Amino acid sequence: MSKFSETTLSSWTKPASTTEEDKINNAISMIKSAIKNDTNFDNLSYEVFVQGSYGNNTNVRVNSDIDVNIMLTSTFFPEYSEGKDGSNYGFTNGSISYDEYKQLVLTALINKFGSDKLSVGNKSIKIDSNSYRVEADCIPSFQYRNYKYNSSSSERNFVEGIKYFASDHTSVVNYPKVHIKNGIAKNTQTGRNYKRLVRVIKRLRNKMALDNYFNNENITSFLIECLIWNVPNKYINNYDTWDETIKQTLIFLNESIKDSSYEKWGEVSEMLYMFHSGRKWTINDVQSFINSLWMFMEY
């Protein structure tokens, strides 16, 4: 007998309430307006886009924040193949530093929202929520052009990522657009069950925390998306109930840890390995999560 009814599990596969959409769009629109109406950006090329759970359509919490990337494209960070540099592509040095750009973004947001509504964290600028908009984490970044991945010799042929520097001076490189693209592809291949499975696992994580059964802040939403990304489609599609799908998914993840095949797992972008030094999580965190969820589901 399953701990949760199939009706409950099925309801947990759905996105957060659509009533949030207006507040989400309001926040995004205001952030775009803040940058567009600041004359300091008149001679800069940039792009504002949503990443994270909302960007990937795997959000489950009502009133949770959104991650908004404010990416400069007129100046970028490159990664070249060995023996190549910017001169091979006709590039010249940029005229603005990352710290200067971050300050421009911060000033534009203060002018729009007010300094009392903002707080600067290690990796993002947080904008408070109100009745009109959701909370937003804004990440000022530079476009990251990876020419090395495809051994490209063309200035237009690169894998696009982002790069930014945290307040503790740690540099961060990731590939949110590739993540979104790959997630959409797997979701299509699985008849939209990939993101449904991600959502139900997220809600079970939240339920365990709420019940004081298991709570580990290292088990992030991003980590859960990546774990399910590495589950073969047959485990996502081949079972008639969500209860059995969850069970078989946990079995696969557990066996992959036992035989160390998890070491080859990549993020959803497939540009970075899931487990390497500097990660917030460890394989022990993941094993503990899987074991706890197995017992919580009473398998």
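J.: Give a detailed account of the packing of aromatic side chains, specifying residues and quantitative values.
T.: Scanning the entire structure with this criterion turns up 25 aromatic pairs. Plain terms: the ring middles of Phe 77 and Phe 165 are 5.9 Å apart, the flat faces sit at 75 degrees to each other, and that makes the pair edge-to-face. One end of the pair, Phe 77, is in strand E2 (residues 66–79); the other, Phe 165, is in strand E6 (residues 159–165), with 88 residues separating them in the sequence. Among the aromatic residues, ring-to-ring pairing joins Phe 41, Tyr 46, Phe 77, Tyr 98, Tyr 101, Phe 142 and Phe 165 into one connected group. Residue placement shows Lys 163 over the ring face of Phe 77; its charged tip is 4.8 Å from the ring centre. Positioned over the ring face of Tyr 194 is Lys 186, at 5.9 Å from the centre of the ring.

J.: Can you tell me about the pattern of salt bridges, naming the residues and giving the values?
T.: Tallied over the entire structure, the rule returns ten salt bridges. Glu 135 is paired through a salt bridge with Lys 126; the nearest N and O atoms lie 3.2 Å apart. On the basis of relative accessible area, Glu 135 is assigned to the partly exposed category, the value being 23%. With its nearest N and O atoms 2.4 Å apart, the salt bridge here joins Arg 279 to Glu 267. Here the residue Arg 279 occupies a position in the loop between helix H9 (242–258) and helix H10 (283–296), and Glu 267 occupies one in the loop between H9 and H10, the gap between them amounting to twelve residues. Take Glu 267: its relative accessible area is 4%, and that puts it in the buried class. Because the salt bridges share partners, they merge into one network encompassing Asp 65, Lys 126, Glu 135 and Asp 137.

What counts, and at which threshold
- Residues numbered from 1 in each chain as written.
- Predicted model: local features only at pLDDT ≥ 70, side-chain atom pairs only at ≥ 80, totals over all residues.
- Heavy atoms only, no water.
- Phe/Tyr/Trp six-rings, centres within 6.5 Å; stacked < 30°, edge-to-face > 60°.
- Helix = DSSP H or I, 4+ residues; strand = E, 2+ residues; numbered from the N terminus.
- Lys NZ or Arg CZ within 6 Å of the ring centre and 35° of its normal.
- Salt bridge = Lys/Arg side-chain N within 4 Å of Asp/Glu carboxyl O.
- Buried < 20%, exposed > 50% of the residue type's maximum accessible area, 1.4 Å probe, protein only.

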